[in-house]
Amino acid sequence: MTISTTVNGKAVTLNAEPDSPLLWAIREELGLTGTKFGCGIAACGACTVHVNGEPARSCSLPVSEVAGKSITTIEGIKGADGTLHAVQKAWIAAQVPQCGYCQSGQIMAAVALIEKTGKPSDDQIDEAMTNICRCGTYPRIRKAIHAATGQAATAVEGAA
Amino acid sequence: MADNPTLEMEQPAPAKRKGVKRRAFLIGGVAIVGAGLFGISIMDSNAVKTAAKLTAGKGEHSFATWLKIAEDNVITIYSPHTDIGQGSNTGLAQMLAEELDANWDLVKLVSAPAESAFANVGLGRGFLGEMTGQPGIINGVPQSFLSFIARQMNLQITGGSSALRFTGQVTFQKVGAATRLALIETAAKRLGVPAAELTTQDSHVIHAKSSRSLPYGKLAAEAATLSLNNEPKLKDPKNYRLMRQSVPRLDIPAKVDGTAQYGMDFSVPDMRVATIMAAPARGGKLTSVDEAPALAVKGVEKVIKLDDAVAVVAKGYWAAISGLRAMTPQFTDGGNGGISTASIFKAYDDLIAKGDPAGEAGEGDVKAAMGPKPVEAKYQVPFLHHAMMEPFALTAHYKDGKLDIWGGMQDPLASKMMAVDVSGLDSDKVTFHPMLIGGSFGRRLPMYMEIVSQVTKLAMQLPYPVKLIWSREEEIAQGAYRPQSAAVLKANVTANKRIAAFSNDYAQTESAEAETTFIYNLPAVARRNYEHKSNQITGAWRSVNSTQQGFYNESFMDELAHAAGVDPVEFRRNHLKADSRHLRVLDECARLANWKAPLPEGVGRGVAIVESFKTIVAHVIEASVKEDGMPKVHKITTVVDAGSIVNPDAAKAQIEGGTIMGLSSAIGEAVTLEKGAVQQSNFSDYPLLKLADAPLVHDIHFINSGAYMGGIGEPGVPPAAPALANALFAATGKRVRNLPILTQAKA
């Protein structure tokens with residue numbers, strides 16, 4: 001079946017089985033490989049995208065559910081002139097990524113959290129940032145979220 | 001590792017190998033380092049000329065394989081290592097650029113296309129045989145150092161700092177320094193002044209007296225024709241401008257905007273996607289499978305039966321995995337149906353009770369000194385999975401008699417060798433194209449890359465390129481695990497509160513002696529290993545055997561301190577050599593952690609100190625127990641002596657991450673077996689630590705002792721579990737002897 005949706009501001013038509021996950025349409029049909037496959041059961045968050053501004057784990061979201069909705073992937077959060085999003089800049093400044101595989105999902109989760117809360121507290125970060133990072137970049141993720149929202153890196157003395 | 005790589009190195013690899021043997025892969029692993037040595041030792045050889053042809057374009061001039069200088073002053077450095085996120089390639093570039101006095105803004109780092117050049121050296125001539133059979137070519141590298149490299153090979157592959165320690169210190173710094181000398185020599189001739197009057201800075205040779213300077217790019221063509229000095233003098237560290245600086249990592253920008261391309265992301269036109277299921281009980285074979293339900297799934301094109309697995313080939317991953325799940329393949333258990341976690345622990349207990357070890361090390365007469373009533377404790381730890389975030393994914397294409405493979409593996413050479421063996425093709429018909437790796441921690445090592453064999457088998461019978469992706473379920477069930485292990489520790493603590501005898505009887509797949517360092521200075525110590533193999537593959541898991549040995553020894557030292565009624569830091573101090581690096585690390589850690597400061601009710605403080613990969617790390621952890629019985633880590637103080645540090649911030653990141661991986665495994669991770677098969681399937685039942693449970697405060701300090709450079713990717717792991725367990729004992733009075741803590745919290 002064909003499903004009409006918007007991805008990174010562009011109208012697209014996806015040819016996919018209705019029950020197939022959005023992740024594979026994004027990666028294999030649209031060729032946007034910044035969104036990653038990690039677990040297939042919405043446990044790790046490597047596949048996090050925004051659907052109408054809300055974070056969603058695309059490996060477990062059937063494409064039929066995104067018809068008519070607006071999807072943003074990691075490739076779509078830069079400014080129109082190509083400048084990095086404040087969160088991306090903070091990620092570089094804090095030297096967050098190690099292997100980097102989970103970081104698209106982490107950044108998408110962080111952008112959604114910041115859009116929702118403005119200046120997230122440590123508790124809000126704990127609650128929202130449930131994506132898994134095996135390299136253990138969590139202290140720097142916390143630090144980068146604070147920095148991106150103009151907050152001093154209060155607690156994470158050790159990081160960077 | 002049971003195999004002794006040092007011994008392996010004394011035998012040249014056979015020119016033609018049949019079958020995939022671990023020995024060959026060990027050699028392959030060493031050979032990457034060997035290739036690094038090769039570069040410096042044959043600065044004027046044909047190999048260097050070949051590399052120059054491969055890398056240097058018009059207006060570019062190649063030096064000693066690893067470096068080229070362009071006429072516009074852009075400097076390109078070729079790294080033979082795969083950066084898996086530890087920042088090792090940035091570190092290597094820093095080391096070369098430092099000695100070269102390069103302008104960092106114009107330095108580019110590229111993966112060595114010389115992978116193929118190395119492969120030619122290696123596969124064409126039996127590369128290690130080349131090195132060991134003709135040691136004369138390895139100028140200036142003592143045999144003992146080669147043996148050292150071989151012994152540390154696990155680190156070479158899994159940890160980036162070995163890249164710096166070996167390739168960096170042995171080769172890249174020397175290449176930078178020797179190239180700088182050649183540039184100075186060229187400039188001296190051109191300016192008509194003595195070389196001694198010239199200095200270098202920011203990719204320029206400078207003659208201060210006459211206020212003249214020449215950019216490297218204008219000297220490179222002529223300098224590239226000179227013979228390079230094989231043993232150039234290196235800089236005094238006090239003059240460093242790039243090394244020991246937190247230079248931003250070169251790989252990071254592409255990892256924040258989705259442009260970084262991992263093996264999982266590769267695609268070519270007409271490519272199909274396959275996924276696979278191997279026998280759940282390792283060692284089993286495929287007996288039958290009804291393909292019809294898979295072929296009925298839209299997009300599925302083919303079902304391929306392998307000896308021990310079944311694969312589904314489809315237009316995309318979702319169709320492939322849906323097809324695979326629609327089938328009910330039948331496998332034998334390979335005679336392993338009786339193997340379970342409990343049966344393995346039972347076998348360990350029996351072996352240790354029988355007291356006939358496979359190997360023994362230590363000092364003094366432990367039997368005589370143990371006394372009638374030793375303190376005794378038994379510990380158990382489970383198999384652990386690497387659980388790297390990128391599941392295995394390789395693409396292969398067999399066309400016109402040639403096989404190409406794309407993906408992220410730790411040893412592209414050995415991957416290629418495996419594909420050569422499996423395909424039966426000549427080595428010059430097989431190319432492995434290395435890509436970024438989404439985490440490894442020891443998982444993507446040559447000895448357990450069955451996916452290379454699988455994708456080769458699929459590609460050889462398909463008319464189109466195929467990307468084989470392992471599902472997370474396959475990944476968890478078919479791992480190369482940190483061994484399940486058990487240990488009985490005993491010690492005699494005498495009336496003067498000193499240890500008179502200490503023994504550690506541990507059982508697992510193989511001896512850990514070559515990899516773990518026992519740091520305490522005791523009159524009598526025995527470390528005895530008992531070997532028992534299951535049907536599982538045990539592999540190198542970040543810090544390898546130091547994880548479980550660190551947990552055993554440092555938990556037991558804590559038990560002994562309490563038995564003696566001595567403060568745990570003080571007790572350790574009393575058993576470390578005066579003026580030792582270990583004592584300094586411990587003292588600094590205790591001081592910085594305010595070890596004696598009072599803590600809130602319910603919070604305990606624990607210490608552990610472990611040396612692994614020549615680096616000493618102490619953690620002090622403050623922790624409590626949550627209502628659900630799970631630990632809460634409040635604060636960690638860490639002191640690290642790795643000799644010296646190339647990039648402090650990148651090193652800090654490795655210690656942060658290693659500590660978190662150690663905590664994660666201690667708290668929640670276990671791979672268990674029933675009927676020979678792994679019971680876990682995904683992150684739902686193999687839980688990794690999440691951000692909310694990571695320490696809010698992690699205070700990390702480095703001691704630059706100037707000792708020989710140690711590793712940094714792995715040594716943060718081993719002291720984490722015992723420091724946590726010791727903190728929980730301090731908080732609750734309950735001793736954690738079995739990991740993970742989750743299992744006991746739920747029991």
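Residues numbered from 1 in each chain as written. Chains lettered and ligands numbered in written order. Predicted model: local features only at pLDDT ≥ 70, side-chain atom pairs only at ≥ 80, totals over all residues. Heavy atoms only, no water.

Student: Please clarify how the overall build of chain B should be interpreted in this entry.
Tutor: Across its full length, chain B holds 23 helices and 29 strands. Counting the 747 residues in chain B, one finds 64% classified as buried. For chain B, long-range pairs separated by at least 24 residues make up 74% of all intrachain contacts whose partners lie at least 6 apart in sequence. Carbon and sulfur atoms make up 51% of the accessible area of chain B, which amounts to about 26,200 Å² in all. (Helix = DSSP H or I, 4+ residues; strand = E, 2+ residues; numbered from the N terminus. Buried < 20%, exposed > 50% of the residue type's maximum accessible area, 1.4 Å probe, protein only. Contact = heavy atoms within 4.5 Å. Areas by Shrake-Rupley, 256 points an atom, 1.4 Å probe, with all protein chains shown as cover.)

Student: Just to check I follow, could you spell out the overall build of chain A for this structure?
Tutor: On a plain count of helices and strands, chain A comes out with five helices and five strands. Element order for chain A, N to C, with α for helix and β for strand: β-β-α-β-β-β-α-α-α-α. Per-residue burial over chain A gives 57% buried out of 160 residues. Taking the intrachain contacts of chain A between residues at least 6 apart in sequence as the baseline, contacts between residues at least 24 apart amount to 53%. With an accessible surface of roughly 5,600 Å², chain A has 51% of that area assigned to carbon and sulfur atoms.

Student: Sorry if this is basic, but what is going on with empty space enclosed by the protein here?
Tutor: Gaps left between atoms are located by rolling a probe of water-molecule size over the structure's atoms. Residue and element names in this part refer to chain B. One pass over the structure, following the stated rule, counts eight cavities of 30 Å³ or more. The calculated volume of the second largest cavity comes to roughly 140 Å³. At five residues, the largest contribution of residues to the lining of the second largest cavity is made by helix 18 (residues 546-564). Its residues placed into classes, the lining of the second largest cavity shows five nonpolar, six polar and three charged. (1 Å grid on protein atoms, 1.4 Å probe; cavity = no way out; pocket = protein on both sides within 12 Å on 5 of 7 lines; lining within 4 Å. Points joined across faces, edges and corners; volume = space filled by probe spheres on them. Nonpolar A, V, L, I, M, F, W, Y, C, P; charged D, E, K, R; others polar.)

Student: Explain the state of the cysteines to me, please; I cannot follow it from the model alone.
Tutor: Every disulfide links exactly two cysteines, by a covalent bond between their sulfur atoms. Residue and element names in this part refer to chain A. One pass over the structure, following the stated rule, counts zero disulfides over all chains. In this structure Cys-44 is a free cysteine whose sulfur lies 3.9 Å from that of Cys-39, the closest cysteine sulfur available. Here Cys-44 falls in the buried class, since its relative accessible area comes to 2%. (Disulfide = S-S within 2.5 Å.)

Student: How should I be thinking about the sheet that holds strand 21 (residues 499-508) of chain B in this particular structure?
Tutor: Strand pairing within a sheet occurs via backbone hydrogen bonds; the two strands may be parallel or antiparallel. Residue and element names in this part refer to chain B. Strand order in the open sheet formed by five strands is 13-22-21-20-14, with mixed pairing between adjacent strands. Since the sheet does not close on itself, it has two edges, and those belong to strand 13 (359-363) and strand 14 (375-381), each with one partner. The sheet shows a mean angle of 10° between the axes of neighbouring strands, taken without regard to direction. Here strand 21 pairs with strand 22 (residues 525-531) via seven bridges, running parallel. The residue bridging Ala-507 from the neighbouring strand is Tyr-530, located in strand 22. (Pairing = 2+ DSSP bridges. Axes fitted to C-alpha atoms, helices over the stretch in contact; angles between N-to-C directions.)

Student: Where do I start with the packing of aromatic side chains in this structure?
Tutor: Two measures describe an aromatic ring pair: the distance that separates the ring centres and the angle between the ring planes. Residue and element names in this part refer to chain B. With the rule as written, the count across this model stands at 15 aromatic pairs over all chains. Ring centres of Phe-502 and Phe-518 lie 5.1 Å apart, and the angle between their planes is 55°; on these two criteria the pair is classed as tilted. Placement of the pair is Phe-502 in strand 21 and Phe-518 in the loop between strand 21 and strand 22, with a sequence separation of 16 residues. Taking relative accessible area as the criterion, Phe-518 reaches 17% and is therefore assigned buried. Seen from their ring centres, Phe-518 and Tyr-520 are 6.0 Å apart, and the 70° between their planes marks the pair as edge-to-face. A network of ring pairs unites the aromatic residues Phe-502, Phe-518, Tyr-520 and Phe-556 as a single cluster. Positioned over the ring face of Tyr-464 is Arg-272, at 4.0 Å from the centre of the ring. (Phe/Tyr/Trp six-rings, centres within 6.5 Å; stacked < 30°, edge-to-face > 60°. Lys NZ or Arg CZ within 6 Å of the ring centre and 35° of its normal.)

Student: Sorry if this is basic, but what is going on with the interface of chain B and chain A here?
Tutor: When the parts come together, some accessible area is lost, and that loss is often what is quoted as the size of the interface. Contacts between the two partners involve 64 residues from chain B, matched on the other side by 54 residues from chain A. Roughly 4,700 Å² of surface becomes buried between chain B and chain A when both sides are summed, with 59% attributable to carbon and sulfur atoms. The largest contributions to the chain B side of the interface with chain A come from Val256(B), Met389(B) and Leu691(B), which together make up 17% of the buried area. Here chain B and chain A share seven salt bridges between them. (Buried area = accessible area lost by both parts, 1.4 Å probe. Salt bridge = Lys/Arg side-chain N within 4 Å of Asp/Glu carboxyl O.)

Student: Sorry if this is basic, but what is going on with the layout of surface pockets here?
Tutor: In this model, the largest pocket occupies a volume close to 730 Å³. Surrounding the largest pocket, 30 residues form its lining, Trp24(A), Glu28(A), Glu29(A), Lys315(B) and Gly316(B) being those nearest its centre. It is helix 1 (residues 22-29) of chain A that contributes the most residues to the lining of the largest pocket, five residues altogether. The residue inventory of the lining of the largest pocket, partitioned by class, reads 13 nonpolar, eight polar and nine charged.

Student: Would you mind showing me how to read the pairing of strand 10 (residues 300-305) of chain B here?
Tutor: Consecutive side chains of a regular strand alternate in pointing toward one face of the sheet and then the other. All names here are of chain B. Where strand 10 meets strand 11 (residues 309-314), five bridges bridge the pair, whose relative direction is antiparallel. Directly across from Lys-302, in strand 11, lies its bridge partner Val-313. Hairpin connection, strand 10 to strand 11: the antiparallel pair is bridged by three residues.

Student: For this particular structure, what's the right way to read the environment of Glu554(B)?
Tutor: All names here are of chain B. With respect to the helices and strands, the residue Glu-554 is situated in helix 18. Remark: the alpha-carbon pair of Glu-554 and Ala-723, spanning 169 residues in sequence, is separated by 7.8 Å. Those residues in contact with Glu-554 that sit more than four places away from it in its chain are Tyr-520, Arg-572, Ala-608, Ile-609, Val-610, Pro-722 and Asn-726.

Student: What's the story with the side chain of Ser340(B) in this structure? I'm lost.
Tutor: Structurally, Ser340(B) is set in the loop between strand 12 (330-331) and helix 13 (341-354). With sequence-adjacent residues up to four places away left out, Ser340(B) is seen in contact with Leu673(B) and Glu674(B).

Student: Honestly, the packing of helix 21 (residues 648-668) of chain B against helix 22 (residues 720-732) of chain B in this entry has me stumped. Any pointers?
Tutor: For any two helices packed against each other, the geometry comes down to the angle between their axes and how far apart the axes lie. Residues and elements named next belong to chain B. Running from amino to carboxyl end, helix 21 crosses helix 22 at an angle of 60°, the nearest separation of the two axes being 8 Å. Taken together, the axes of helix 21 and helix 22 are oblique relative to one another. Between helix 21 and helix 22 the crossing geometry is right-handed. Between helix 21 and helix 22, the contacting residues are Thr-659, Gly-662, Leu-663, Ala-666 and Ile-667 on the first element and Ala-720, Ala-721 and Leu-724 on the second. (Parallel < 35°, antiparallel > 145°, perpendicular 65-115°, else oblique. Left-handed = near helix turned anticlockwise from the far one by under 90°.)

Student: Looking at this structure, I do not really get the confidence of the model for chain A. What am I missing?
Tutor: Detailed conclusions should not be drawn from predicted coordinates in areas where pLDDT is low. Averaged over all residues, the pLDDT of chain A equals 94, while 94% of them reach at least 70. Scored below 50 in pLDDT, residues 154-160 of chain A makes 27 contacts in the model with residues more than four places away or belonging to other chains. (pLDDT = per-residue confidence, 0-100.)

Student: I would appreciate a short explanation of the confidence of the model for chain B in the present structure.
Tutor: Residue and element names in this part refer to chain B. On average, residues of chain B score 86 in pLDDT, and 86% of them reach the 70 mark or higher. Under a pLDDT of 50 for its full length, residues 1-42 has, in the predicted model, 98 contacts with residues more than four places off or in other chains. This stretch, residues 113-161, has a pLDDT under 50; its non-local contacts, to residues over four places away or in other chains, come to 119 contacts.

Student: What is the right way to read the sheet that holds strand 7 (residues 212-215) of chain B from this model?
Tutor: Residues and elements named next belong to chain B. In space, the three strands of this open sheet follow the order 5-6-7, with antiparallel pairing throughout. If you trace the sheet from one side to the other, it starts and ends with strand 5 (198-201) and strand 7, each paired once. For this sheet, the mean inter-axis angle between neighbouring strands, taken without regard to orientation, is 25°. Sheet topology note: the strand 5/strand 6 (residues 204-207) ladder contains four bridges and is antiparallel. Following the sheet pairing, Gln-201 is matched in strand 6 by His-204. With respect to the sheet, helix 10 (residues 216-223) is in contact with strand 5, strand 6 and strand 7, its orientation differing from that of strand 7 by roughly 65°.

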